Structure formats: C-alpha cells, structure tokens
Amino acid sequence: MNIRHINYITSLLFTICYAYQLFYIPVSLFLKNRRAVNAINKRYAILICARNEENVIGDLVDSIHEQDYPQDKIDVYVMADNCTDDTFEIAKSKGAYAFERHSSIVGKGYALQKLLDNIKEEYDGYLVFDADNILSKDYIKEINKSFADDVDAITSYRNSKNYGSNWVSAGYALWFLRESQFLNKARTILNTSAAVSGTGFMISNKLLKEMGGWNYHLLTEDIEFSVDQIAKGKKIIYCEKAEFFDEQPTDFKQSITQRIRWTKGNLQVFSQYGGRLIEALSKGIFGAFDMLMAAMPAFFLSMMSFVLNLFCLSDIMSFAELIGNAYAMMFFLGLITTLSEWKHIRCSTAKKILYLFTFPLFMGTYIPICFLSLFAKADWKPIKHQCTRKNMGF
C-alpha cells in the first residue's frame, strides 16, 4: 500500500467522522429554532473571574449596566484572581460585588468556584463571562427569552472585538463564528446539545444545585462542563440573538501556548470522560457522539496523516494533494461562515477577504500544536487584554 492509498483511507475516515457537520450547514442556513419563548424576567448573577484585567474590566461592567433589561434583576460579581493591578478597585468602583483570591492553585475553574462560594443570594440563572468580553445591549433580554423552565444551560453568539487586527485574531474569530452558527445553532434546531466555548454561557440555579457548585478544573473547564452534562443526558441550548464580543490573541507565540493548553485539555477530557461518552452514545445520546468527534478523531488522523506523508516525501504529488485538499476544506468552511456572518464581522471588506485565505493556514498550525501538546507542559497563563470599547469603536 503506497502513501496515496493511505491518504485516501484517511480522507475517507475524516468524511465518515465529520460528514454530519456538513449536514449541519444547510440546517443552520435554512431551518429555524422553534423553541418556546420565556416571558418572565428572571434574576441573574453575572460571574466574572479576572486576573490583571484593569484595562478591560470596566468596559464589561459598563456594558452590563447598559443592558435593555431591568437592572434590579441583575447583580455583577467579580473575582480578582491573583491580581497585582487595579482590577479589584475598578470592578468595585463600577458597582460590582468584588472579591479577591490569592492562591498558588491556578485556574479559572478554581476562581469561579471561590466566587460562587461568596454569593449568598439565590438567582434563577448564572451568566459566566471573561473580563475582556462586551455584551450587546439586548444580550440578557435574549438569554432570558430562551430560558424556559426545561432549560439547564445556554450558550450564546461569540463574536470578536478585534477580528481585523491580524491573521491570528481573525483565525480565532472565524472559527468561533463557525462554531456558533454552524455547530451550536444546528445542534439546538435538531434538539441535540450545544457545547460551551470558553465564555458567554448561562447555567440555571437548578443545574448549579445538582452539580454542587462548579467542580470543573481541567485545562479546558468549558469542554469538561459540556461533556459531563451531555454524558448525563442534559442539553445545552444555543441562543443566536444573544451576542457578545471577545478579544482574540494577536501574538502568534502566545496563540501557540494557548492552543497547546486547549489541545492538552481536550486530551484530559477524553481520558477522563471518554468512557462515559461511549456509554451515553450506546443509550442513543447523539450529543455524546458529537463531543467524541470534537475531542479526538481530528487530532489523531491529522497527526497520523502528516507523519506518514513526511516519511514519504518522495511522493511529492501525494503530499501536495493532501495539503491542497485540507486547505480547500478549511477555505470552504471559512467562506460559508464569512458570507453568512458578513454583517456581524467588524472589519473592512478587504480584510474579510484576505483573512479567508489565511484561515486555512491558521487552522493548519494545529498540526504541530497537536505534536507539542503530547510533550509540552501546559499551564494556564494569562493573556494581556487591551481592546477597549473606545479604541475598538464600541
């Protein structure tokens, strides 16, 4: 069997694993969510864990106070986690309930757990954000509409503050837009479970009590939370109209470090929850299959294919064909996302077109990241945020 045959087999396996995500595209484009609309204004606690975020924390709190939603139904809680700047003081001056945590145990999950321990009131729902986020004015109103009695958790539309900064920030942003509109939207329409992606999500008081607080401390606590709930038969729904903005890294080296942590975190999740997902899949829970595919096959198939082709560089045509096919697929996903979300992407037309061509290159950098994640130590490291509403035109 030559390398060309191996590439065909690898491509076939990719198709088998991910054809369902291509089916998601027309579902997202042409079908609508028919879920019932909640009409009762519920109470929300906004949870923000921040480490040295004095540049941006004030903007987030301001955007919460500017919500088109009764302010007496919203309380803001900030955990200044191992801060050495003015994050705590700024959050408190903006009207948030601010707390401080100083610990050698690092991680957002631990900070979030400590923040919840400091909240003495009960709320209907708990909304989790990162300090660099900014909310659209109707964000909480739209979340509230989706918060029917049968809803345990909600994730939302993740847009970017700095899409147009460079090819790195655009790569992140385009992937998150695709994740929102062509994965989570379709999942909710088809009545399977969406997945939380980092920030911008809500958990109900009922679910929080069932969980006994926030007990997710792996490198990717968001994926851990999603997988755990899906394995239990819970469903996370997606609220398309609840839009928030997130700042993406622009430094390539910093991006590599962050994505090594994410990839290693996915490996941790698969190691700890893979058996439960397979068990849930045997019970007919499609979301379990979806999470298994998100966690593993692309990782192993990409590495296997790349390594085999490196050892067979004598067949240049086969290697070029592999790279060309991968580029074309990523370009197609970027193109359909860009066209669909054109009005939401905050940058010039020229940059929207340019970053279509760099998106496959950004995604291609995950191949060496997969290798590095097997050997590199992946600690949580803070990313400096500095995109304010003023300098980004919000």
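Reference entry: report on the structure contained in this document. Note that the structure is a prediction, hence the values are computed from the model and not measured.

Thoughts on the packing of helix α9 (residues 252–282) against helix α10 (residues 286–295)
Running from amino to carboxyl end, α9 crosses α10 at an angle of 155 degrees, the nearest separation of the two axes being 9 Å. Between α9 and α10, the angle falls in the class roughly antiparallel. The interaxial crossing formed by α9 with α10 has left-handed handedness. When α9 is examined against α10, the residues N266, F270, G274, L277, I278, A280 and L281 are found in contact with a partner set consisting of A288, F289, M291, L292, A294 and A295. By residue class, the composition of the contact of α9 with α10 is eleven nonpolar, two polar and no charged.

Quick word on the pairing of strand β1 (residues 44–50)
With seven of seven residues buried, β1 lies mostly within the body of the structure. Because side chains alternate across β1, one face comprises the buried residues Y44, I46, I48 and A50, and the other comprises A45, L47 and C49, equally buried. In this structure, β1 lies alongside strand β2 (residues 74–81), joined through seven bridges in parallel fashion. Paired with L47 across the bridge in β2 is Y77. Note that the unit made of β1, helix α2 (residues 57–65) and β2 has a crossover that is right-handed. The pairing of β1 with strand β4 (residues 125–130) spans six bridges and is parallel.

Brief notes about the sheet that holds strand β3 (residues 97–101)
Read across the open sheet, the eight strands follow the order β3-β2-β1-β4-β7-β6-β8-β5; overall the sheet is mixed. With partners counted over all chains shown, the strands left at the sheet margins are β3 and β5 (134–135), one partner each. Bridge count for strand β6 (residues 153–160) against strand β7 (residues 201–204) is three bridges, and the pairing is antiparallel. Its bridge partner lying in β7, A153 is registered against I203. Its contacts with the sheet place helix α5 (residues 139–146) against β1, β2, β4, β5, β6, β7 and β8 (236–246), and it is angled at close to 175 degrees to β8.

Focus: the pattern of salt bridges
Counted by the stated rule, this structure contains 18 salt bridges. In this structure, R43 and E121 form a salt bridge, with 3.1 Å as the shortest nitrogen-oxygen distance. Of this pair, R43 sits in the loop between α1 (3–30) and β1 while E121 sits in the loop between α4 (108–117) and β4, placing them 78 residues apart in sequence. On the basis of relative accessibility, which here comes to 38%, the residue E121 falls in the partly exposed class.

Side note on the packing of aromatic side chains
Counted according to the given criterion, the structure contains 26 aromatic pairs. Pairing W214 with Y216 gives two aromatic rings, centres 5.0 Å apart and planes at 75 degrees, and the pair type is edge-to-face. Lying across the ring of F147, K42 places its NZ or CZ 4.0 Å from the centre. Against the face of Y366 rests R259, its NZ or CZ located 4.7 Å from the ring centre.

Brief notes about a negative patch on the surface
A contiguous patch of negative charge on the surface is contributed by E54, D86, E89 and E100. With respect to the helices, strands and loops of the structure, E100 is situated in strand β3.

Focus on helix α8 (residues 221–231)
With ten of its eleven residues buried, α8 lies for the most part within the structure. Among all positions in α8, only E221, D222, E224, F225, S226, V227, D228, Q229, I230 and A231 are buried.

Some details on α10
Of all ten residues in α10, seven are buried; the element is thus mostly enclosed. What α10 keeps buried is the set G287, A288, D290, M291, L292, M293 and A295.

Calculation criteria
- Residues numbered from 1 in each chain as written.
- Predicted model: local features only at pLDDT ≥ 70, side-chain atom pairs only at ≥ 80, totals over all residues.
- Heavy atoms only, no water.
- Axes fitted to C-alpha atoms, helices over the stretch in contact; angles between N-to-C directions.
- Helix = DSSP H or I, 4+ residues; strand = E, 2+ residues; numbered from the N terminus.
- Parallel < 35°, antiparallel > 145°, perpendicular 65-115°, else oblique.
- Left-handed = near helix turned anticlockwise from the far one by under 90°.
- Contact = heavy atoms within 4.5 Å.
- Nonpolar A, V, L, I, M, F, W, Y, C, P; charged D, E, K, R; others polar.
- Buried < 20%, exposed > 50% of the residue type's maximum accessible area, 1.4 Å probe, protein only.
- Pairing = 2+ DSSP bridges.
- Right-handed = clockwise from strand over helix to strand, strands pointing away.
- Salt bridge = Lys/Arg side-chain N within 4 Å of Asp/Glu carboxyl O.
- Phe/Tyr/Trp six-rings, centres within 6.5 Å; stacked < 30°, edge-to-face > 60°.
- Lys NZ or Arg CZ within 6 Å of the ring centre and 35° of its normal.
- Patch = residues over 30% accessible without salt bridge, like charges linked within 9 Å, V, L, I, M, F, W, Y side chains within 5 Å.
- Areas by Shrake-Rupley, 256 points an atom, 1.4 Å probe, with all protein chains shown as cover.
- Lys, Arg positive; Asp, Glu negative; His and termini not counted.
- Charge placed at Lys NZ, Arg CZ, Asp CG, Glu CD.

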